[in-house]
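Remarks on the overall topology
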Amino acid sequence: MLILTGGTIAGNVAKSKVSGHVTAQPDDFLTILNNSVDILKRNWSIEIKPEIVELFNIDSTDMLPKNWTALAEKIAESYDDFDAFIILHGTNTMGYTGAALSFALENINKPVILTGAQVPLGYLGSDATTNLVNSLRLAVWGYHPIKGVMSVFGSMIITGTRIKKGTDFDYDPFKSFQTGALGQIGRFIRINEPALDGK
């Protein structure tokens, strides 16, 4: 399940600050998702049937506890119907949402992946497609039982309680504080086993 919440990836920030910008629509993400699914099916011989839900469409600086509750409730009510959940989210409060969901969905046995973009979908240099595709790759990756709340952004995979934004410039804006990242995602996916075990 792909859950849309707004943020830069959907053009929300650009719409409020750049006159005339049109926000991305669910169909835009569905096109990217379907293209990505076709590639994954050809390479990994797996069956994927994604569903997109627009839960709300807000700038992430407007994210409130009621929004975290809505996200947690949507995942809980859909838990048995999906193998993984990808949440498209703004970057400014992604760390707070990651922490909130980590506690609300404690011991969840499926991947819940937060991702977004530094540049809105449709803008030159946008990282939206890469981040969405990488999130999908990790969500369906059958080689490692990675689960729980995490962020996939740029080349980093970070557990939900350790997401810290450091810059608005780089395509790798998030760092993991106190311990290393869960892994990296690029041409291949590499998992940091000690970090996964909480060591």
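As shown above, the structure is provided for reference.
First things first, this report covers the structure right here in the doc. (Residues numbered from 1 in each chain as written. Predicted model: local features only at pLDDT ≥ 70, side-chain atom pairs only at ≥ 80, totals over all residues. Heavy atoms only, no water.)

One can describe the packing of helix α3 (residues 65–78) onto helix α4 (residues 94–104) by two numbers: an axis separation of 10 Å at closest approach and a directional angle of 50 degrees. In terms of orientation, α3 and α4 fall into the oblique class. The handedness of the crossing between α3 and α4 comes out as right-handed. Taken together, the residues of α4 that come into contact with α3 (itself represented by W68, L71 and A72) are Y96, T97, A100, L101 and A104. Along the lines of polarity and charge, the residues of the contact of α3 with α4 split into 7 nonpolar, 1 polar and no charged. (Axes fitted to C-alpha atoms, helices over the stretch in contact; angles between N-to-C directions. Helix = DSSP H or I, 4+ residues; strand = E, 2+ residues; numbered from the N terminus. Parallel < 35°, antiparallel > 145°, perpendicular 65-115°, else oblique. Left-handed = near helix turned anticlockwise from the far one by under 90°. Contact = heavy atoms within 4.5 Å. Nonpolar A, V, L, I, M, F, W, Y, C, P; charged D, E, K, R; others polar.)

The next point concerns helix α5 (residues 128–139). Between its first and last C-alpha atoms α5 spans 16 Å; for 12 residues at 1.5 Å apiece the expected length is 16 Å, and the two agree. With respect to burial, α5 is a largely interior element, 9 of its 12 residues being buried. Buried within α5 we find A128, N131, L132, N134, S135, L136, R137, L138 and A139. (Expected span 1.5 Å × (residues − 1). Buried < 20%, exposed > 50% of the residue type's maximum accessible area, 1.4 Å probe, protein only.)

So, on to the packing of aromatic side chains. Counted under the stated rule, the structure contains 1 aromatic pair. Taking NZ or CZ as reference, K110 lies 4.1 Å from the ring centre of Y79, over its face. (Phe/Tyr/Trp six-rings, centres within 6.5 Å; stacked < 30°, edge-to-face > 60°. Lys NZ or Arg CZ within 6 Å of the ring centre and 35° of its normal.)

For the rest of this paragraph, the subject is the environment of G148. Along the polypeptide, G148 turns up in strand β5 (residues 148–153). The spatial distance from the C-alpha of G148 to the C-alpha of N107 is 6.9 Å, given a sequence separation of 41 residues. Leave out the neighbours within four places in its chain, and G148 touches I108, K110, P111 and V112.

So, on to the sheet that holds strand β3 (residues 85–88). Taken in spatial order, the 8 strands line up as β2-β1-β3-β4-β5-β6-β9-β10 in an open sheet, and their pairing is mixed. Looking at strand neighbours, the two that pair on one side only are β2 (52–58) and β10 (189–191), the edges of this open sheet. Across the sheet, the mean angle separating the axes of adjacent strands is 20 degrees when strand polarity is ignored. As paired strands, β5 and strand β6 (residues 156–159) are joined by 4 bridges and run antiparallel to one another. Bridge assignment links V152 to a residue of β6, and that residue is I157. Packed onto the sheet, α4 meets β3, β4 (111–115) and β5 and runs at close to 160 degrees relative to β5. (Pairing = 2+ DSSP bridges.)

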